[in-house]
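One letter stands for each residue in the lines below.
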Amino acid sequence: MQTRKQTVIMAISMYQASIPQFKKMLANLSAILKKGEEYANTKKIEGTVLTGGRLFPDMLPLTRQVFIACDQVKNGMSRIAGIEPPKFDDTETTFPELQERIAKTIAFIDSIKPEQIDGTESKEIKFSIREWNFEFIGDQYLLTWIIPNFYFHITTAYNILRSNGVEVGKTDFLGG
């Protein structure tokens, strides 16, 4: 007797697909930065040498990678939720200042309720960055803009520290 295979499609809400994972990865980034700060202290390296570090001269430094990862989350989720994002000064240069930025980002996304995010899959999202104009719908914006950019900048921050000798690995990136 032949049996029919059934395909089960699991639906996940916009909130569940985003906020919990962003919080987890920001916490992992915080732990990675802590290892970077400990490494700098142990090796007697000025911390700003690492926070100003780059993978290549034309790439942004570690500080900017953290800024942009946090901004992807706070600005992106604000656009989806239809609320005003908090403004950050973008002046952080030290490990403690970067930690504070991550903590403020997590605190902000903790204030967003599932009902502000869920049901926004078809919401029109329009914004500009410098001379570029962008138009998305909610789920496309989350899945093809916010998440990939967020992971790019978290990964680059990790790689900057790793390339400078900080002993971090896959478990640090993914969380223990």
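Just so you know, these numbers come straight off a predicted model, no measurement behind them.

How each quantity is defined
Residues numbered from 1 in each chain as written. Predicted model: local features only at pLDDT ≥ 70, side-chain atom pairs only at ≥ 80, totals over all residues. Heavy atoms only, no water. Helix = DSSP H or I, 4+ residues; strand = E, 2+ residues; numbered from the N terminus. Buried < 20%, exposed > 50% of the residue type's maximum accessible area, 1.4 Å probe, protein only. Axes fitted to C-alpha atoms, helices over the stretch in contact; angles between N-to-C directions. Parallel < 35°, antiparallel > 145°, perpendicular 65-115°, else oblique. Left-handed = near helix turned anticlockwise from the far one by under 90°. Nonpolar A, V, L, I, M, F, W, Y, C, P; charged D, E, K, R; others polar. Contact = heavy atoms within 4.5 Å. Pairing = 2+ DSSP bridges.

**What about unusual backbone geometry?**
Here comes step 1: Positive phi outside glycine occurs at K44, with the angle close to 60°.
Here comes step 2: Topologically, K44 is positioned in the loop between α1 (19–43) and α2 (47–51).
Here comes step 3: Looking at K44, the relative accessible area reads 75%, which means it is exposed.
Here comes step 4: With a phi close to 60°, D90 is a non-glycine residue in the positive phi region.
Here comes step 5: Mapped onto the elements, D90 comes out in the loop between α3 (62–81) and α4 (95–110).

**Let's talk about the packing of α3 against helix α6 (residues 138–163)**
Here comes step 1: Remark: α3 packs on α6, axes separated minimally by 8 Å, with the N-to-C direction vectors making an angle of 160°. Considering the angle they form, α3 stands roughly antiparallel to α6. In this structure, the crossing between α3 and α6 has a hand that is left-handed.
Here comes step 2: Split by residue class, the contact of α3 with α6 holds 16 nonpolar, eight polar and one charged.

**A short note on the side chain of H153**
Here comes step 1: With respect to the helices, strands and loops of the structure, H153 is situated in helix α6.
Here comes step 2: Excluding residues that lie within four positions of it along the chain, H153 makes contacts with Q65, I68 and A69.

**A word on the pairing of strand β1 (residues 124–129)**
Here comes step 1: Relative to strand β2 (residues 132–137), β1 runs antiparallel, the two sharing six bridges. Counterpart to K126 in the pairing with β2 is E135.
Here comes step 2: Hairpin connection from β1 to β2: two residues lie between these consecutive antiparallel strands, with R130 at a positive phi of about 50°.

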